[in-house]
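Reading the structure
Listed below, chain by chain, are the residues.
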Amino acid sequence: MSTENLPQSPEQPSRKPRVAVVFGGRSSEHGISVVTAGAVLKAIDRTKYDVLPIGITQDGRWALTADEPERMAIIDRRQPSVDLLAESGEGGVILPVDPASREVVYSEPGSVPKALGEVDVVFPVLHGPYGEDGTLQGLLELSGVPYVGSGVLASAVGQDKEYMKRVFTSFGLKVGPYLVIRPREWQRDEPAARKKIVDFAGEHGWPLFVKPARAGSSIGITKVDDLSGLDEAIAEAQRHDPKILVEAALRGREIECGVLEFEDGPRASAPAEIPSPDAHAYYDFEAKYIDSTPGIVPAPLTPEETAEVQRLAVDAFEAASCEGLVRADFFLTEDGEFVINEINTMPGFTPISMYPQMWQASGVSYPELVDRLVQAALRRSTGLR
């Protein structure tokens, strides 16, 4: 039977993919995450994607927030927060728990829950614990919602500097001398734990860097020049994480390199150099985000040095099973060897951050960078891969 003369159903217009930008969170990097989200919301192509901003308050509530990037900036040295952006002080956003549905719901006490529509991909611009460390990635895996960036394992490895270094060492990447003090060691025998650090200083010399093992954005880090500053540095690191990392100072230049997942695999950006900031002892939080100490992009390296750090950055990306993006940080020592310090699986992503600047120097603009990350997430499925 011919269907030629039967009435035809009108074609359903194809909807744009919906991107939920999730930001804020419970870590000490809450404010920087909000700044990053503002930059992403400004850059994302609204002709190509629908966008749903979702903020997580510092006490863990998922809030529907205004889509107003101009309010998500550091002003007069004050960081923004999700609480100031939330449309309600009580309402909460609920992600789907059934992989067969991607419907997001908004609920307020005493009101009928309101459907916000389906989400096709989550762009989680959270930094630090409870977001960048695999916890949110695990939730999204259970929900069956694709997301930008690395999976559960790579995110956890990238957050925990001890296990990151262990993974790198097992893959033949060179790391600097370090020591880990776990919370149980400190609780069981504080003098013995402290002596380990003093002995480490005796072996490797001062200064030391004492830092939280699972934090970022240079928060909680102290450069310790001698024994008199050690106790205060330990207390500051433990304020952010009960597990602390102690690193020997490496003499050399700080070099960073970005890695981005393209259709044919990960590629490295032009590297950058972080010069010693004049007003700071090292490249700390204030130097990065408040005073905006500029990096040198591209780094003044020889062609051979550039090729080597790019190769090592991709090797680090692969060693930790990363996806989407990574910023890899190195020291170029005085004897010409690259030593990897750490990776960030969701690096600072503000317009002044080094990751987008390195890709800008490599011919990938900020809006294109955002688009490539969303597209890479849409190409992947959740689950084992």
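Residues numbered from 1 in each chain as written. Predicted model: local features only at pLDDT ≥ 70, side-chain atom pairs only at ≥ 80, totals over all residues. Heavy atoms only, no water.

Moving on, we get to helix α11 (residues 354-361). Buried within α11 are the following residues: M354, Y355, P356, M358 and W359. Just past α11, the residue G363 takes up positive phi, approximately 95 degrees. (Buried < 20%, exposed > 50% of the residue type's maximum accessible area, 1.4 Å probe, protein only. Helix = DSSP H or I, 4+ residues; strand = E, 2+ residues; numbered from the N terminus.)

With that settled, the discussion passes to the environment of S28. Checked against the element boundaries, S28 lands in the loop between β1 (18-24) and α1 (30-43). A residue is classified by how much of its surface remains accessible, and S28, at 38% relative accessible area, is partly exposed. On a C-alpha basis, the gap between S28 and K223 in space is 19 Å, while along the polypeptide they are 195 residues apart. Residue contacts for S28: discarding those within four places in its chain leaves I219 and H240. (Contact = heavy atoms within 4.5 Å.)

Taken in spatial order, the four strands of this open sheet run β8-β11-β9-β10, and their pairing is antiparallel. Where the open sheet ends on each side, the last strands, each with one partner, are β8 (178-181) and β10 (222-224). Each neighbouring strand pair of the sheet contributes to a mean axis angle of 25 degrees, computed without reference to strand direction. Here five bridges tie strand β9 (residues 208-212) to strand β11 (residues 244-248), and the two strands are oriented antiparallel to one another. For K211, the partnering residue across the bridge sits in β11 and is L245. Most of the contacts of helix α7 (residues 190-204) go to β8, to which it runs at about 175 degrees, and overall it touches β8, β9 and β11. (Pairing = 2+ DSSP bridges. Axes fitted to C-alpha atoms, helices over the stretch in contact; angles between N-to-C directions.)

Let's shift gears to the pattern of salt bridges. Evaluation of the coordinates by the stated rule reveals 30 salt bridges. A salt bridge links D67 to R46; the shortest N-O distance between them is 2.7 Å. Taken together, the residues D67 in the loop between β3 (62-64) and α2 (82-85) and R46 in the loop between α1 and β2 (50-56) connect sequence positions 21 residues apart. In this structure D67 comes out as partly exposed when scored by relative accessible area, which is 33%. (Salt bridge = Lys/Arg side-chain N within 4 Å of Asp/Glu carboxyl O.)

Across all of its chains, the model carries five aromatic pairs by this definition. Considering the side-chain rings of F262 and W359, the 5.9 Å spacing of their centres and the 50 degrees angle between planes classify their relative orientation as tilted. Remark: W359 occurs in helix α11 and F262 occurs in strand β12 (residues 252-262); sequence separation between them is 97 residues. The exposure class of W359 is buried, given its relative accessible area of 3%. Here a set of aromatic residues connected by ring pairs shows up, and it is made of F123, F349, Y355 and Y366. (Phe/Tyr/Trp six-rings, centres within 6.5 Å; stacked < 30°, edge-to-face > 60°.)

What follows covers the packing of α1 against helix α12 (residues 366-379). Look at α1 against α12: their axes get within 9 Å of each other, and the N-to-C directions meet at 95 degrees. The angle between α1 and α12 falls in the class roughly perpendicular. Here α1 contributes T36, A39, V40 and A43 to the contact with α12, which in turn contributes Y366, P367 and V370. Split into classes, the residues belonging to the contact of α1 with α12 amount to six nonpolar, one polar and no charged. (Parallel < 35°, antiparallel > 145°, perpendicular 65-115°, else oblique. Nonpolar A, V, L, I, M, F, W, Y, C, P; charged D, E, K, R; others polar.)

Below, the discussion takes up the environment of G55. Here G55 lies in strand β2. Assessed through its relative accessible area of 0%, G55 is described here as buried. Residues G55 and R71, spaced 16 residues apart in sequence, show a C-alpha to C-alpha distance of 13 Å. When sequence neighbours within four positions are dropped, the list of residues in contact with G55 reads F23, R61, W62, A63, T65 and V82.

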